[in-house]
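# Chains, contacts and geometry: an overview
Now for the letters of each chain:
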Amino acid sequence: MGKVVVVGSINVDMVFTSEKRPKAGETVLGNSFSLIPGGKGANQAVAAGKLGAESVMIGCVGSDSNGEFSIDNLKSVNVGTDCIDIVNGVPTGVANIIVAENDNSIIVIPGANYEANRDVIDKYKEVILSADMVLMQLEIPLETVEYVLELCKKNNVKVLLNPAPAVELSQSAIESASYITPNEHELKIILGKNCDTEEEMKKYPNKLIVTLGSKGVKYFDGNEMKLIPSNKVEVVDTTGAGDTFCGALAAALVNGSVLEEAIRFANKAAAYAITKLGAQSGMPTLEQLKNN
Ligand code: RIB
């Protein structure tokens, strides 16, 4: 079983569902409210763990009930939690998520996630270097992400970077990552807005894996631009679809799949996840995916 180590965020999601998304200055009555474990890092760790990888989480929570809730949840799905620091004086990260009109909008307050600094990385360096793949997102300080990228490059450890929420990435960050998984909108931001994205994808064969929602996933394989179609399903909540995709992709790659096969597997997992409310609640196990 391959090992995925996630260095990333841990949040508690406050999910409101409603028919209508409120406009600025408007109040609407919604349908439901749930508190669900989330955070792009934790979501991806859960997806990788459920889909066949040994999964370990490195990150920070506050010394509060949300932190306890998040760690208990990760333990319950067999994600390693020994490298999660509990930090005093800052709250666990939270996300306010509105699910309405077939899409979601999210505000994240990072809280303790921004305590995931170089000292934390140094402390868990050996765990990072024991990974078959390190998985990161951008909900912890960019400086930490760049530090881990450098460390992994020096030690030949593969990194899958999910650049969300997107910021422009340095050339060296792009070069150091083995795989980068932006959506179309994020692709423009990470590369710098004025570049020709197709040309850039050609410069990085088998590295820039661009998710296109219901249209599928595209990447340049060295010869041609490939489009791997998504699996069609009834959408309930798209929150965490990208996280399921990244966790599943990492799991498949560390367990020996070639890239195209891993993308097809990850597409299937992401499609399954959007048929349920919440980022983690809908993530399939290997067994569920096989029987689907
Ligand atoms: O990608 C979905 C996640 O983004 C949510 O779980 C929320 O916590 C935010 O981090």
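Above: the structure in question.
Residues numbered from 1 in each chain as written. Predicted model: local features only at pLDDT ≥ 70, side-chain atom pairs only at ≥ 80, totals over all residues. Heavy atoms only, no water.

## Regarding the packing of helix H9 (residues 241-254) against helix H10 (residues 259-273)
The interhelical angle for the contact between H9 and H10, taken along N-to-C directions, is 145°, at an axis separation of 8 Å. By crossing handedness, the relation of H9 to H10 is classed as right-handed. Here Ala241, Thr244, Phe245, Ala248, Leu249, Ala252 and Leu253 of H9 lie close against H10, whose contacting residues are Leu259, Ala262, Ile263, Phe265, Ala266, Asn267, Ala269, Ala270 and Ala273. Here the contact of H9 with H10 is built from residues that sort into 14 nonpolar, two polar and no charged. (Axes fitted to C-alpha atoms, helices over the stretch in contact; angles between N-to-C directions. Helix = DSSP H or I, 4+ residues; strand = E, 2+ residues; numbered from the N terminus. Left-handed = near helix turned anticlockwise from the far one by under 90°. Contact = heavy atoms within 4.5 Å. Nonpolar A, V, L, I, M, F, W, Y, C, P; charged D, E, K, R; others polar.)

## A look at the pattern of salt bridges
Between side chains of opposite charge, a pair can form as their charged atoms come close. Evaluation of the coordinates by the stated rule reveals nine salt bridges. Lys20 is the partner of Glu26 in a salt bridge, and the nearest nitrogen-oxygen pair spans 2.6 Å. When its relative accessible area of 30% is taken as the criterion, Glu26 is described as partly exposed. With relative accessibility at 34%, the residue Lys20 sits in the partly exposed group. We note a salt bridge from Glu260 to Arg264, for which the minimum N-O separation is 2.6 Å. Of this pair, Glu260 and Arg264 are both found in helix H10, four residues apart, which corresponds to roughly one turn of the helix. A relative accessible area of 42% means that Arg264 is categorised as partly exposed. Salt bridges sharing partners connect three or more residues here, namely Lys226, Glu260 and Arg264. (Salt bridge = Lys/Arg side-chain N within 4 Å of Asp/Glu carboxyl O. Buried < 20%, exposed > 50% of the residue type's maximum accessible area, 1.4 Å probe, protein only.)

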